[in-house]
Each structure stands twice: as C-alpha cells, then as structure tokens.
Amino acid sequence: MHEHHSALGLVRDLKPVEPVTLVRPHAARRAARFFADHFPGKTLYAVKANPSSDLLRVLWDSGVTHYDVASIAEVRLVARTLPEAVLCFMHPVKAEEAISEAYWKHGVRTFSLDTMDELEKIVRATEGASDLNLLVRIRVSSDHSKLSLAAKFGAEPDDVAELLVAARQASDALGICFHVGSQAMTPHAYSSALERVRAAIVEASVTVDIVDVGGGFPSSYPGMEPPPLATYFDVIHRGFESLPISYSAELWCEPGRALCAEYSSLIVRVEKRRGDELYINDGAYGALFDAAHVGWRFPVALLRESEAGSMTAFSFYGPTCDDLDHMAGPFLLPDDIDAGDYIEIGMLGAYGCAMRTRFNGFGAEDVAVVSDEPMVSLYTGQTASEKRSATVTKLY
Ligand SMILES: *Cc1c(COP(=O)(O)O)cnc(C)c1O
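Here the structure is a predicted model, which means the values were calculated and not measured. (Residues numbered from 1 in each chain as written. Predicted model: local features only at pLDDT ≥ 70, side-chain atom pairs only at ≥ 80, totals over all residues. Heavy atoms only, no water.)

## Thoughts on helix 4 (residues 72-81)
Okay, step 1: Those residues of helix 4 that fall on the buried side of the exposure criterion are I72, E74, V75, L77, V78 and T81.
Okay, step 2: Tucked inside the fold, the buried residues of helix 4 contact helix 3 (53-61), strand 4 (66-69), strand 5 (86-89) and helix 5 (96-106). (Buried < 20%, exposed > 50% of the residue type's maximum accessible area, 1.4 Å probe, protein only. Helix = DSSP H or I, 4+ residues; strand = E, 2+ residues; numbered from the N terminus. Contact = heavy atoms within 4.5 Å.)

## Observations concerning the site of the ligand
Okay, step 1: With respect to spatial proximity, 14 residues lie near the ligand, and among them K48, S182, E254, R257 and Y351 are the closest.
Okay, step 2: D68 is positioned such that a nitrogen or oxygen atom in its side chain is 3.0 Å from a nitrogen atom of the ligand.
Okay, step 3: Within the side chain of S182, a nitrogen or oxygen atom sits 2.5 Å from an oxygen atom of the ligand.
Okay, step 4: In the shell around the ligand, the residues fall into four nonpolar, five polar and five charged. (Near = heavy atom within 4 Å. Polar contact = N/O pair within 3.5 Å; in protein donor to acceptor, adjacent residues only side chain to side chain. Nonpolar A, V, L, I, M, F, W, Y, C, P; charged D, E, K, R; others polar.)

## Considerations on the sheet that holds strand 5
What links the strands of a sheet is backbone hydrogen bonding, and the strands pair in either a parallel or an antiparallel sense.
Okay, step 1: Taken together, eight strands build a closed barrel; the order of strands is 3-4-5-6-7-9-11-12 and the barrel is parallel. For this sheet, the mean angle separating the axes of adjacent strands, direction not counted, is 25 degrees.
Okay, step 2: The pairing of strand 5 with strand 6 (residues 110-113) spans two bridges and is parallel. Bridge pairing in strand 6 links C88 to T110.
Okay, step 3: Its contacts with the sheet place helix 6 (residues 116-125) against strand 6 and strand 7 (133-137), and it is angled at close to 155 degrees to strand 6. (Pairing = 2+ DSSP bridges. Axes fitted to C-alpha atoms, helices over the stretch in contact; angles between N-to-C directions.)

## Some remarks on the packing of aromatic side chains
Okay, step 1: Within the structure shown, the criterion is met by 17 aromatic pairs.
Okay, step 2: Centre to centre, the rings of F35 and F233 are 5.1 Å apart; their planes meet at 65 degrees, and the pair counts as edge-to-face. Separated by 198 residues along the polypeptide, F35 in helix 2 (residues 25-38) and F233 in helix 9 (residues 229-241) bring together distant segments of the chain. Each of the two residues, F35 as well as F233, counts as buried.
Okay, step 3: Ring plane angle 80 degrees and centroid distance 5.8 Å describe the contact between Y221 and F298, whose orientation is recorded as edge-to-face. Here the residue Y221 occupies a position in the loop between strand 11 (210-212) and helix 9, and F298 occupies one in the loop between helix 11 (289-293) and strand 15 (300-302), the gap between them amounting to 77 residues. Accessibility assignment for this pair places Y221 and F298 in one class, buried.
Okay, step 4: Here the aromatic cluster, defined as three or more aromatic residues joined through ring pairs, consists of F34, F35, F39, Y190, F217, Y232, F233 and Y379.
Okay, step 5: The ring of F89 carries the charged tip of K94 above its face, separated from the ring centre by 5.8 Å.
Okay, step 6: In this arrangement the basic side chain of R109 is found over the ring face of Y103, its NZ or CZ atom lying 3.7 Å from the centre. (Phe/Tyr/Trp six-rings, centres within 6.5 Å; stacked < 30°, edge-to-face > 60°. Lys NZ or Arg CZ within 6 Å of the ring centre and 35° of its normal.)

## Quick look at the state of the cysteines
Okay, step 1: Overall, the coordinates contain zero disulfides when judged by the stated rule.
Okay, step 2: The thiol of C88 is unpaired, and the distance to the nearest cysteine sulfur, on C177, comes to 10 Å. (Disulfide = S-S within 2.5 Å.)

## Quick look at a negative patch on the surface
Okay, step 1: A grouping of D158, D159, E162 and E203 is seen on the molecular surface, where their side chains present a negatively charged patch.
Okay, step 2: In terms of residue count, helix 7 (residues 157-170) provides more of the negative patch than any other element does, three residues in total.
Okay, step 3: For D159, the location among the structural elements is in helix 7.
Okay, step 4: For D159, a relative accessible area of 41% translates into the label partly exposed. (Patch = residues over 30% accessible without salt bridge, like charges linked within 9 Å, V, L, I, M, F, W, Y side chains within 5 Å. Areas by Shrake-Rupley, 256 points an atom, 1.4 Å probe, with all protein chains shown as cover. Salt bridge = Lys/Arg side-chain N within 4 Å of Asp/Glu carboxyl O. Lys, Arg positive; Asp, Glu negative; His and termini not counted. Charge placed at Lys NZ, Arg CZ, Asp CG, Glu CD.)

## As for unusual backbone geometry
Okay, step 1: In this chain, G329 is followed by P330 through a cis amide linkage whose omega measures 5 degrees.
Okay, step 2: By the secondary structure assignment, P330 is in strand 17 (residues 326-334).
Okay, step 3: For K15, which is not a glycine, the phi torsion comes out positive at approximately 40 degrees.
Okay, step 4: Tracing the backbone shows K15 in the loop between helix 1 (7-14) and strand 2 (20-23).
Okay, step 5: Residues other than glycine seldom take positive phi values, yet Q183 does so here, at roughly 55 degrees.
Okay, step 6: Tracing the backbone shows Q183 in strand 10 (residues 182-184).

## Let's talk about the domain arrangement of the protein chain
Okay, step 1: Under the domain assignment, the protein chain is made up of domain 1 (2-23 + 262-370) and domain 2 (25-260).
Okay, step 2: Listed per partner, the contact involves 17 residues of domain 1 and 24 residues of domain 2.
Okay, step 3: The junction of domain 1 with domain 2 conceals about 1700 Å² of combined surface from both sides, 64% of it contributed by carbon and sulfur atoms.
Okay, step 4: Three residues stand out in domain 1 for area buried against domain 2, namely Y263, W296 and Y351, and they jointly supply 45% of the buried area on that side.
Okay, step 5: For the pair domain 1 and domain 2, the number of links is zero salt bridges.
Okay, step 6: Counting every contact that joins domain 1 to domain 2 gives four residue pairs in polar contact (both at pLDDT 80 or more).
Okay, step 7: Looking at the side of domain 1 that touches domain 2, its residues break down into 13 nonpolar, two polar and two charged. (Domains from an automatic or database assignment. Buried area = accessible area lost by both parts, 1.4 Å probe.)

Following this line, the structure appears as structure tokens:
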C-alpha cells in the first residue's frame, strides 16, 4: 500500500489506469473515538459494513472492543485479526454448526434470535450453556430510514413476550435488540423503537440486562444530510433511562455505516463522455452497488488542477457490458469534464468497498493511504454542500 498526501496528489503522480481505493485511517479513528467518547453505552462495530482487516485494527486501536458479526466467516476473520475482541453473533438466523463453532472454538457468548426455533438451536449447539447473553430481536419500523431492515428479521409483537420468557431461562444476561434500518434520518427512529422495547418488557415482565439499539446511525451524502449524531445519542440515552430496567442494565449500539463510511473513497477515470453520461472504470459490480441499485448519491469531485467552470448533472455508466451497470446520480461535476479526467467518489467505506465483485475483469485492486480529509465528514461538521465549494477552492 502506498501513501499520498491527497487524492489529487496521487492522480498527478500516478495517473492510474485502474480505479484506486483510497483509505483514510484518521477518519475511521475519529469516528471510533466519537462513539467511544460520546455514545452513552457500549459500541459494537457491525463488521459487514466493511470487513477490511486494516480497518478492524484501526477501530480496535481507537477503543472499539466489541464486534457485531453475522456469519461464521466474519467470526473467524475478527477472531484471527483481533484475538482479544469480544464477538457478538447478531444474525437472528444462524446455522447450528456456525453457533457451535462460534461458541466452542471462538469463545462467542452473545447471540441474537427472533424465534423459538433459533433459541432451541442455540441451546442445542452450546449444550445448554449457562453463560450465554441472548438478545431477542424485535421488529421495529424502518419508516425513518433510507434502507429498510423491517421485513426480514425481528419477532412480531404477539410473539415477543413468550420468546423473552423462554430466552430469560436459557441466558445469563437477557437483552432486547432491534435495527431501525440503515441511514436513519432522524433520532425519532430510536425513540419509537425504544417504546416498542418498553411495551415488550412490560408485557413479558422479565428482567432485561441489555438494550441494544442496533445500527442505522447515518452518514452524510448529497441530499441526505442528517442532524448531528449527538442528537441521536441524547434521544437514545433519554429513552434508555426511562425504560423499566435495572440500574445495572447495559446500553449497546451496533454502528456499521457511521464508523466506516468516511474511511474509503474511490478514484475512477472517465473513459468516455456521451452527453451528460460519463463512462467510468468502476460501477455496480465494483464499489457502486448502492449507487446503481438503490439510487444512492455519493459525493463526487473532479480531480484536476485547472479551473472548474459551472456544473452539470451527470449519470455514470460502469465498465461492465451490462446495462444495469448504471448509476443515475445525479452527480454534479464541471461542464467540461471529459475522457481522461479523474473523479473521486466519496463515502464508500461503508457498503461500497465491501460489495465489490470482479465481474467482467473490472474493479479496483490498488489501495492507497491518503492523509487529506474525506470529502464529507460528520465528525468535523462539514456537509456535502459546503464541501463542494471548499473542494473547488482547494483545486484552484
Ligand atoms: C447491518 C447491521 C448493522 C449495521 O447497520 P448500519 O446501518 O450500517 O449502522 C447493525 N446491526 C445489524 C444486526 C445489522 O444487520
């Protein structure tokens, strides 16, 4: 891995023919410190957002000691990379063999579940262990989030009480968890979910030791600029404090996106221009899955030293031979952009780099560490729209 001062500097020095992934360890460090210092409970990193072992080590060094893993491969990866990390197996539907290996081989003690069947599976796989932390996942609304996680997992209100009572008997510590959906645009998402937690506790009348508010903490993207994270933490803290639970109960969260979105961006080259469509050398099968399939808008900047004129809204085509390899945007870039120009696409650290395939022989192999600031940051208070003018100024 090479190091460069900035994205622009790298392009000037290397003129890369293939896309290049940029990583900014300082940005991940800042995000992790923010959660460690300000979240009023324990922070678990949701590994699926970006399983890079370099990133895992950065988070560990910045105070993140707990990891939300969802597959046996993620369990093995984190166990190998961070042998002292605490692993929490938070996928509510697991293979029994995976539970068994996690428990007996990797020391995993925390599991989530949303059915009686899964509870029985956990009890069987751990041979009735008495040291389990079991978290019952309840279904909550995804109405305030950009990506729903409401359809697939989570016990229905009618089943929660029975499940809590049964899980209480099988656990050392009992928890309730939920996920409000990814990129929750308002802290209300958490206060309404915590109301569901309250109802569940009251109905089941069980002692609950852990309340886990899951992921969903937002990052900043064009057209999706959320309120400051501190307001989320305040709302969660107040909601948690008012629950009918003991003083020793713990509050957990499982951010993925918010911890790593700013960690990575991508340098792509324009290979062709057709009107307001730019053919670039990465796309839907590379780091731009969300841009193609859910119309996510990522911040973009032209990496060029000459003066930028007025802006045009572009869409992108990726490099594969598939029509689906299209990112509608709109992506605002200077009018005179053309083949041979380089673009930095920001905020790909979460669910960008993690989703890449090598379909059709395309994609970024090269990784470079850069020390400049990410295009947008929740942790420096710079929004996507402010940044655009700042970038243009910097490039002059
Ligand atoms: C995906 C996921 C997360 C992380 O979600 P973000 O929206 O990236 O914060 C956390 N917990 C669970 C159970 C998940 O499936």
